[in-house]
Amino acid sequence: MDTHTRLHETISALADGELTASELELAFAAVDTPSGRQAWEAYRLIGDALRSEQCGHVLSAQFDARLAQRLAAEPMPDGPVAQAEPLPPLSATVVPAGDAEPLEAGPPARR
């Protein structure tokens, strides 16, 4: 699999909330590129449309069955499949003021 495809899969997993904490840095770096932002926007819109009942499109009763059938027909990846660990709640990652270590200065981020 090429790097471009892997980065887009990472962005898709980010949009779906399926990344482990260790994968977030790569995902945010991928989104911080023009093609990454474009992919993020596309995946976000797709997710919004699939979850919304107000978009004017109602999924047929057989949609989930057809989707499951098509996914089952997809080839399985070689080797063991990694299981994503759930992310800790945001409140668990907040560091109280005064307890945080100062960040090292580095080159300014490009935007």
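See the structure printed just above.
All values derive from a computational prediction rather than experimental measurement.

Caption draft 1: The arrangement of the side chain of histidine 8 in detail. Along the chain, histidine 8 falls in helix α1 (residues 3–15). Take histidine 8: its relative accessible area is 18%, and that puts it in the buried class. Beyond its immediate stretch of four places on either side in the chain, histidine 8 contacts Ser35, Ala39 and Tyr43.

Caption draft 2: Expanded view of helix α2 (residues 24–31). Among the residues of α2, Ala27, Ala30 and Val31 are the ones counted as buried. When α2 is viewed along its axis, its buried side chains cluster within an angular range of 95° and face the same direction. Residues of α2 that are buried make contact with α1 and α3 (34–51).

Caption draft 3: Summary view of the pattern of salt bridges. Considering all chains together, one arrives at three salt bridges under this definition. Across the pair arginine 44 and glutamate 41 runs a salt bridge whose closest N-O atoms are separated by 2.7 Å. Here arginine 44 and its partner glutamate 41 are both found in helix α3, three residues apart, which amounts to about one turn of the helix. Assessed through its relative accessible area of 31%, arginine 44 is described here as partly exposed. On the basis of relative accessibility, which here comes to 33%, the residue glutamate 41 falls in the partly exposed class.

Caption draft 4: A look at the packing of α1 against α3. Closest axis-to-axis distance for the α1/α3 pair is 9 Å, and the angle between their directions is 40°. It follows that α1 is oblique to α3 by the angle criterion. By crossing handedness, the relation of α1 to α3 is classed as right-handed. Contacts from His4, His8, Ile11, Ser12, Leu14 and Ala15 of α1 reach α3 at Ser35, Gly36, Ala39, Trp40 and Tyr43. Of the residues that constitute the contact of α1 with α3, the class distribution is six nonpolar, five polar and no charged.

Rules used throughout
Note that residues are indexed from 1 along each chain, following the sequence as it is written. Given that the model is predicted, a residue must reach a pLDDT of at least 70 before its local features are reported, and side-chain atom pairs must reach 80 or more before they are shown or counted; all residues, however, enter totals for whole chains, interfaces and linings. The side-chain figures draw on all heavy atoms in the structure; neither hydrogens nor water molecules are used. Strands here mean DSSP runs of E at least two residues long; helices mean DSSP runs of H or I at least four residues long; both are numbered from the N terminus. Three labels apply to residues, based on accessible area from a 1.4 Å probe with only protein chains included: buried if under 20% of the type maximum, exposed if over 50%, partly exposed otherwise in between. Whether two residues touch is decided by their heavy atoms; if any such pair falls within 4.5 Å, the residues are in contact. What the arc covers is the set of directions going from the helix axis to the C-beta atoms. By definition here, a salt bridge exists when the distance from a side-chain nitrogen of Lys or Arg to a carboxyl oxygen of Asp or Glu is within 4 Å. Note on geometry: axes are lines fitted to C-alpha atoms, helical ones only across the stretch in contact, with angles between N-to-C directions running from 0 to 180 degrees. Here the angle decides the label: under 35 degrees means roughly parallel, over 145 means roughly antiparallel, 65 to 115 means roughly perpendicular, and every other value means oblique. Each crossing gets its handedness from the near helix: less than a right angle anticlockwise from the far helix is left-handed, clockwise is right-handed. Three classes are used, and their members are as follows: Ala, Val, Leu, Ile, Met, Phe, Trp, Tyr, Cys and Pro are nonpolar, Asp, Glu, Lys and Arg are charged, and the others, Gly among them, are polar.

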